[in-house]
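# Structural characterization, general
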Amino acid sequence: MVDDRFVNDHDRPDIVSLVERLVALAERRWALVRATDAEPGAVSEPDARARELLEHTRSYLLPRARDLDAPLVVVLLGPTGSGKSTLLNTIAGAPASRTGVLRPTTRDAVVLATDADLAGLRSAGPLANLPSERLDHTTSGARSGLAVIDAPDIDSVERENRALADTLLELADMCVFVTTATRYADRVPWDVLERIEQRRLPLVVVVNRLPPGSDASDVLEDVRRLVGRTALAAPGGEAGTEAGPLEVIGVAEGALDASGAALQPGAVEPLLRRIEWLATDRAARRRLAEQALAGALAGLAPLTHAVADDVEHAAIDADALRRIAAADHAEELRLLMEQLRRGDVLREEVIRQWHSFVGADQITRAFSSGIGRVRGALLSLFRGMPSAPVAAVQQGATDDLTSLVVAHAGDAARRTATHWSNDSLGSRLVATDATLWSASEGLADATRDALGEWVGAIATDVAATGATKRGVARGVSVGVNAGAVTVMLGVFAHTGGITGAEVGIAAATAFLNQKLLNAIFGEAAVQEMIERARDRLREKLEELMGAERSRFDRLVPDGTELRSLAAELRRTVDSVPAAVPA
């Protein structure tokens, strides 16, 4: 189904919106390529396809779609010595491009256009991104509304010349392919003709230097046979006029004018008539522009689908790397929670500090006399208690847990970085950032803050639970922080299953801590508070470990996003047949 945003009043997608959509999608794809490319100098095949799609849609399709009345760009293409410059001089009716035996004769593009047309093409048109030093401009013989460009040789020995010719092919509205009787079947020219065919670019073929007699007919017949095996398209002509569709124009050997720099006008009369017709007929230029744009859009389908395939493959790779990071960090979180369940989180000095409080004589006597079971007497118990070392024990407990979190996060980072190093993409990513091999720099502070919030939530729970117990509320209100630390330590000790029957300071402290909690709140309420505190602690630890994992996740695109992009690319280009003019 075509996106409603692309449908105009005539019930077909608007061509400008469609092209803009393709440009936006190509830019998204290119941004994803750059985000995962740790080797700027290396260009893979998927990268090259993504760049080609972006450059073609942004440099040619968008300017042309937004202004079908902009000057037409007619590009003369051909191999070395085929006579392109001579043909440009013939079209201009004056010397416009240098000819000669030195190869390559044309090193830069020679643009035959009026000053106004060139300015428009350079400001917001298809020539905007070409370096000015590679464009030689001449106005002699230029026609308004038409820019004819003599491109460098497609088989030039200089790579930059070939690259410029390729770029001009992508920007053209019409191509005049110039070859010779001896070179028309060469591999390089036909490679270029294949690209013209893919783009469905309107085409005129000029075969120079035909031999005399029947041999010329044989050459032209063979050229027509080769062209006929392709989907190469001639530019549409006006029905019933001499400027009808052209297939192949043959030029006899030596058909030069007196200057030797141009052909005799009659040698390419059909082409010159077409040029004149396009220059004088605005509607004809617009039709040809539409034909070129429609062909370019339709010709993008294979490339766009290839890019979509690349994106889906990238999604598979990204998902694999993300699964590795998720599994490694989940395993370290499991080990951390296992350590908490064993109840050996706290240092002995922290346990002793709290033991001196919960093991005080007043509390021991209360337990032995049974006063702990009488909730109404707990107020006097709190008044006689020694001062609870809340701050010291809380800091000791959170510091110890912070150290554990940082240690396990560091192990998770090393696990992930090691596993990623066995993947071609993953190895490039981890090689760019040494910090990925350890926990993040701010993790310790973030953990302390999270644990502070956790203890604060326990204190709120203690106060709320105590407020529901008659005779307990006032006693708890004078020691909420102490109650919160008691619950906090209960989480660590209770999860380990430590009982008073076990030997050691940790077991004894856990036993007394639990008895104190049960005496104040009742066993069921204590169990609920500890369960809630444990759940909140796990949530905090999951958030912290998730933030650590996100350092790796941020390095690769989200697989779901990539698959969505691939689907949008396909959906957009597949809607082209409904968008282009009939």
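Everything here concerns the structure above.
Here we summarise the structure given alongside this text.

The rules behind these values
- Residues numbered from 1 in each chain as written.
- Predicted model: local features only at pLDDT ≥ 70, side-chain atom pairs only at ≥ 80, totals over all residues.
- Heavy atoms only, no water.
- Helix = DSSP H or I, 4+ residues; strand = E, 2+ residues; numbered from the N terminus.
- Buried < 20%, exposed > 50% of the residue type's maximum accessible area, 1.4 Å probe, protein only.
- Contact = heavy atoms within 4.5 Å.
- Areas by Shrake-Rupley, 256 points an atom, 1.4 Å probe, with all protein chains shown as cover.
- Axes fitted to C-alpha atoms, helices over the stretch in contact; angles between N-to-C directions.
- Parallel < 35°, antiparallel > 145°, perpendicular 65-115°, else oblique.
- Left-handed = near helix turned anticlockwise from the far one by under 90°.
- Nonpolar A, V, L, I, M, F, W, Y, C, P; charged D, E, K, R; others polar.
- Core = buried A, V, L, I, M, F, W, Y, C linked by side-chain atoms within 4.5 Å.
- Phe/Tyr/Trp six-rings, centres within 6.5 Å; stacked < 30°, edge-to-face > 60°.
- Lys NZ or Arg CZ within 6 Å of the ring centre and 35° of its normal.
- Pairing = 2+ DSSP bridges.
- Right-handed = clockwise from strand over helix to strand, strands pointing away.
- Salt bridge = Lys/Arg side-chain N within 4 Å of Asp/Glu carboxyl O.
- Expected span 1.5 Å × (residues − 1).
- Arc of directions from axis to C-beta.

### A few points about the overall build of the protein
Assigned secondary structure in the protein consists of 22 helices and 7 strands. Relative to its full complement of 582 residues, the protein shows a buried share of 50%. Taking the contacts inside the protein whose residues are at least 6 apart along the sequence as the reference set, 79% of them involve residues at least 24 apart. With an accessible surface of roughly 25800 Å², the protein has 51% of that area assigned to carbon and sulfur atoms.

### Some details on the packing of helix α5 (residues 159-171) against helix α6 (residues 187-199)
The relative placement of two packed helices is expressed as an angle between their axes plus a distance between the axes. For the pair α5 and α6, interaxial distance at closest approach is 10 Å and the crossing angle is 25°. Taken together, the axis directions place α5 and α6 in an arrangement best described as roughly parallel. Note that α5 runs across α6; the crossing there is right-handed. Between α5, through Leu169, Glu170 and Leu171, and α6, the contact on the second element is made entirely by Val192, Arg195, Ile196 and Arg199. Taken together, the residues of the contact of α5 with α6 sort by class into 4 nonpolar, no polar and 3 charged.

### Here's the deal with the nonpolar core
Across soluble globular proteins, you tend to see nonpolar side chains buried next to one another. Among the nonpolar cores identified, the biggest contains 119 residues, and Leu77, Leu87, Val176, Ile196 and Leu271 are the most heavily contacted of them. With 9 residues, the single largest contributor to this core is helix α1 (residues 15-36). Discounting residues that sit within four places of it in the chain, Leu77 has contacts with Lys84, Ala151, Ile154, Ala165, Leu169, Cys175, Val176, Phe177, Val178 and Val192.

### So, the packing of aromatic side chains
Enumeration according to the criterion identifies 1 aromatic pair in this entry. When the centroid spacing of 5.3 Å and the interplanar angle of 80° are considered together, the rings of Trp420 and Phe552 count as edge-to-face. Linking Trp420 in helix α14 (residues 390-420) with Phe552 in helix α20 (residues 523-553), this pair joins segments that are 132 residues apart in sequence. Residue class for Trp420 comes out buried when judged on its relative accessible area of 0%. Overall, Phe552 belongs to the buried group, its relative accessible area being 0%. Here Arg199 stacks its cationic end above the ring of Tyr60, 4.6 Å away from the centre of that ring.

### Details of the environment of Ala289
In this fold, Ala289 is placed in helix α9 (residues 282-299). Judged by its relative accessible area of 0%, Ala289 falls in the buried class. For the pair Ala289 and Pro202, spaced 87 residues apart in the sequence, the C-alpha separation amounts to 9.5 Å. Ala289 has contacts with Arg64, Leu68 and Leu72, leaving out every residue within four places of it along the chain.

### Observations concerning the pairing of strand β6 (residues 203-210)
By the criterion of burial, β6 is predominantly enclosed, with 7 of the 8 residues buried. Sheet topology note: the strand β5 (residues 174-180)/β6 ladder contains 6 bridges and is parallel. Within the sheet, the bridge partner assigned to Thr180 lies in β6 and is Asn208. Viewed along the sheet, the connection from β5 through α6 into β6 turns out right-handed. Of the pairings in the sheet, the one linking β6 to strand β7 (residues 248-252) comprises 4 bridges and is parallel in character. Looking at β7, one finds that Leu210 is bridged to Ala252.

### Quick notes on the sheet that holds strand β1 (residues 72-77)
The sheet built from 7 strands is open, its strands ordered β3-β2-β4-β1-β5-β6-β7 with mixed pairing. Taken across any chain shown, the strands that pair with only one partner, and hence form the sheet edges, are β3 (135-138) and β7. With direction set aside, neighbouring strand axes in the sheet form an average angle of 20°. Judged from the 4 bridges that link them, β1 and β5 form a sheet pairing that is parallel. Its bridge partner lying in β5, Leu76 is registered against Val176. α6 contacts β1, β5 and β6 of the sheet and is inclined by roughly 165° relative to β5.

### Observations concerning unusual backbone geometry
A positive phi angle is found at Arg200, which is not glycine, with a value near 55°. With respect to the element layout, Arg200 can be found in the loop between α6 and β6. Backbone geometry places Arg209, a non-glycine residue, at a positive phi of 55°. Mapping Arg209 onto the fold places it in strand β6.

### Digging into the environment of Thr230
Looking at where Thr230 falls in the secondary structure, it is placed in the loop between α7 (214-228) and β7. The class of Thr230 is partly exposed, set by a relative accessible area of 24%. Those residues in contact with Thr230, other than ones at most four positions away along the chain, are Trp190 and Glu197.

### As for the pattern of salt bridges
The tally for this structure, following the rule as stated, stands at 38 salt bridges. Linking Arg49 and Asp310 is a salt bridge whose minimum nitrogen-to-oxygen distance equals 2.8 Å. Of this pair, Arg49 sits in helix α2 (residues 45-66) while Asp310 sits in helix α10 (residues 301-342), placing them 261 residues apart in sequence. You can call Arg49 partly exposed: its relative accessible area is 23%.

### Some thoughts on the pairing of β3
Remember that side chains alternate between the two faces of the sheet whenever the strand is regular. Direction of pairing for strand β2 (residues 109-112) relative to β3: parallel, over a ladder of 4 bridges. Looking at the pairing, Val110 lines up with Asp136 of β3. Regarding the hand of the β-α-β motif, the stretch spanning β2, helix α4 (residues 115-123) and β3 is right-handed.

### A closer look at α7
Side chains of residues three or four places apart in an α-helix project in the same direction, reflecting 3.6 residues per turn. For α7, spanning 15 residues, the distance from its first C-alpha to its last is 21 Å, which sits close to the expected 21 Å at 1.5 Å a residue. If you check which residues of α7 are buried, you get Ala216, Val219, Leu220, Val223, Leu226 and Val227. For α7, the arc enclosing every buried residue in end-on projection is 120°, short of the 170-degree limit, so these residues lie on one face. Facing away from the buried side of α7 by over 90 degrees, the exposed positions are Ser214, Glu221 and Gly228.

### Focus on the packing of helix α3 (residues 84-92) against helix α8 (residues 269-280)
Remark: α3 packs on α8, axes separated minimally by 10 Å, with the N-to-C direction vectors making an angle of 55°. Taken as axis vectors, α3 and α8 run oblique relative to one another. Considering how the two elements wind past one another, α3 and α8 form a crossing that is right-handed. Only Leu271, Leu272 and Ile275 of α8 make contact with α3, whose side of the interface consists of Leu87, Thr90 and Ile91. Grouping the constituent residues of the contact of α3 with α8 by class yields 5 nonpolar, 1 polar and no charged.

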